[in-house]
Amino acid sequence: MKTDQTTPGTIDEYIAGFPPDVQEILEKIRLTIGKAAPGAQETIDYQIPTFKLAGNLVHFAAFKKHIGFYPTPSGIEMFKNELSTYEGAKGSVKFPLNKPIPFDLISRIVKFRVRENLDRAAVKKRKK
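What counts as what
- The numbers attached to residues start from 1 for each chain and follow its sequence in the written order.
- Note on the predicted model: pLDDT of at least 70 is required for a residue's local features to be given, and 80 or more for side-chain atom pairs to be given and counted; whole-chain, interface and lining totals, by contrast, use all residues.
- Side-chain descriptors were evaluated using all non-hydrogen atoms of the structure, hydrogens and water having been removed beforehand.
- Any Lys or Arg side-chain nitrogen located within 4 Å of an Asp or Glu carboxyl oxygen qualifies as a salt bridge.
- For the purposes of this entry, the term helix denotes a DSSP run of H or I that reaches at least four residues, the term strand denotes a run of E that reaches at least two, and both are numbered from the N terminus.
- Exposed residues in this analysis have more than 50% of their type's maximum accessible area, buried residues have under 20%, and partly exposed residues fall in between, with area computed by a 1.4 Å probe over protein chains only.
- Paired strands, in this sense, are two strands between which DSSP finds at least two bridges.

Caption draft 1: Representation of the pattern of salt bridges within the structure. According to the stated counting rule, one finds ten salt bridges in the structure shown. For Asp104, the salt bridge identified is with Arg108, shortest N-O distance 3.1 Å. Placement of the pair is Asp104 and Arg108 together in helix H5 (residues 103-127), with a separation of four residues, close to one helical turn. Overall, the relative accessible area of 53% leaves Asp104 in the exposed class. Overlapping salt bridges, with partners in common, bring together Asp12, Glu27, Arg30 and Glu42 in one network.

Caption draft 2: Seen up close, the pairing of strand S4 (residues 66-70). Burial analysis of S4 places four of its five residues in the buried class, which makes it a mostly covered element. In this sheet, S4 lies alongside strand S3 (residues 56-62) in antiparallel orientation, the contact comprising four bridges. Looking across to S4, one finds that Ala62 is bridged to Ile67. Connecting the antiparallel pair S3 and S4 is a turn made up of three residues. In terms of strand pairing, S4 meets strand S6 (residues 92-96) through four bridges, oriented antiparallel. Its bridge partner being in S6, Phe69 is matched across the sheet by Val93.

Below, the structure is given as structure tokens:
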């Protein structure tokens, strides 16, 4: 689905490579993640949009028929009941483009991942 085959350097560049309807969804996901994880750093990792806060937080990407959301295996496990209606794997979920994107669920998963990463960082800091 990607119309621009060069590797993006920023999330803006990544989003710009898609049709307007998909750009709108990607931008809303980006804003949803940003609100749920204030202070998180936006970057491109694995050639897809990534948010980092005390380590990798979440990734997302657009494909021909779905949005891939990657909140790590712990994020999937914690919300497995709510994610059970979606196709996915150990650390990922596919949100079909022909159905409403669950922005509220994305927000809750990101907030969980923020707590998880910050707790893990605090434990590491105490051990030093």
